[in-house]
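Each chain, letter by letter, is given below.
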Amino acid sequence: MRKIYKIMIMVLVLLLGGAAVARIVQLNNKYPPATLEKYQLNEKLDYAGVEFMVTDFQLVNEEDIPAITPIDGDESLGEKKYMIITAKISNQSNKIKEVDLTPIKLESVAFTNAIDMGALIQMSSGKPTLHPTLYPNEEIEMQLPFAMSEVMFTEEDWKNINERDFQVVFSLYPVKKVVELKKNTVNNS
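What counts as what
- Residues numbered from 1 in each chain as written.
- Predicted model: local features only at pLDDT ≥ 70, side-chain atom pairs only at ≥ 80, totals over all residues.
- Heavy atoms only, no water.
- Phe/Tyr/Trp six-rings, centres within 6.5 Å; stacked < 30°, edge-to-face > 60°.
- Buried < 20%, exposed > 50% of the residue type's maximum accessible area, 1.4 Å probe, protein only.
- Pairing = 2+ DSSP bridges.
- Helix = DSSP H or I, 4+ residues; strand = E, 2+ residues; numbered from the N terminus.
- Axes fitted to C-alpha atoms, helices over the stretch in contact; angles between N-to-C directions.

Colleague: For this particular structure, what's the right way to read the packing of aromatic side chains?
Modeller: Each aromatic ring pair is summarised here by two numbers: the centre-to-centre distance and the angle between the ring planes. Overall, the coordinates contain six aromatic pairs when judged by the stated rule. Both rings, one in Tyr47 and one in Phe52, keep their centres 5.9 Å apart while their planes meet at 75°; by these two values the pair is edge-to-face. Given the relative accessible area of 1%, Phe52 is considered buried. An aromatic cluster is defined as three or more aromatic residues linked by ring pairs; in this entry it consists of Phe111, Phe153, Trp158 and Phe166.

See the structure below:
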């Protein structure tokens, strides 16, 4: 009797294992890995029907940006830095385009963060937005701040944050579009 139970359990394990492998293969065929498109500084990429070009980036301390007022309670996050991305966005079509900047992320190894809207509001003159409207043949320049705090990294990684490579990520799937921000070109103001 015991032998029959062992055989039934082994058959069940093999069936479940086979079903799991079949499902993994099916999903991998249906959703293959993303194609990676890498861009460099001053290289144009198509984003949401407009031309987007990262022209500069700076990794700066919070106190180096006079327009940014620290928020009460932020002390628990430790030291704070900002990666400020300067970008040109141009509408080369003959239609009015509204561009959604909310999917844009800053990434480095396991770190990912979106545009810091609070810092964007404080840094911008006029009416800041993550949904700029561009008229035909219009080009705008924006500074997009990405916040990072000491608590988001290990102690060792934070000490070497100025030596880290970053990427600005525009899309993840099916095509992952990134602009590489290499450490040897970081302006450490």
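Colleague: I'm lost on the sheet that holds strand S11 (residues 175–181) in this one. Help?
Modeller: Hydrogen bonds between backbone groups are what pair the strands of a sheet, and the pairing can be parallel or antiparallel. In space, the five strands of this open sheet follow the order S1-S11-S10-S6-S7, with mixed pairing throughout. The two strands at the open ends of the sheet, each matched to only one other strand, are strand S1 (35–39) and strand S7 (111–114). Each strand axis lies, on average, 30° off the axis of its neighbour in the sheet, ignoring direction.

Colleague: Just checking my understanding: could you explain the sheet that holds strand S9 (residues 139–149) for this structure?
Modeller: Read across the sheet, four strands follow the order S2-S3-S4-S9 without closing on themselves; strand pairing throughout is antiparallel. Each having just a single partner strand, strand S2 (45–47) and S9 make up the two edges of the open sheet. Taken over all neighbouring pairs, the strand axes of this sheet differ in orientation by 40° on average, direction set aside. Sheet topology note: the S2/strand S3 (residues 50–61) ladder contains three bridges and is antiparallel. Bridge pairing links Tyr47 to Val50 in S3.

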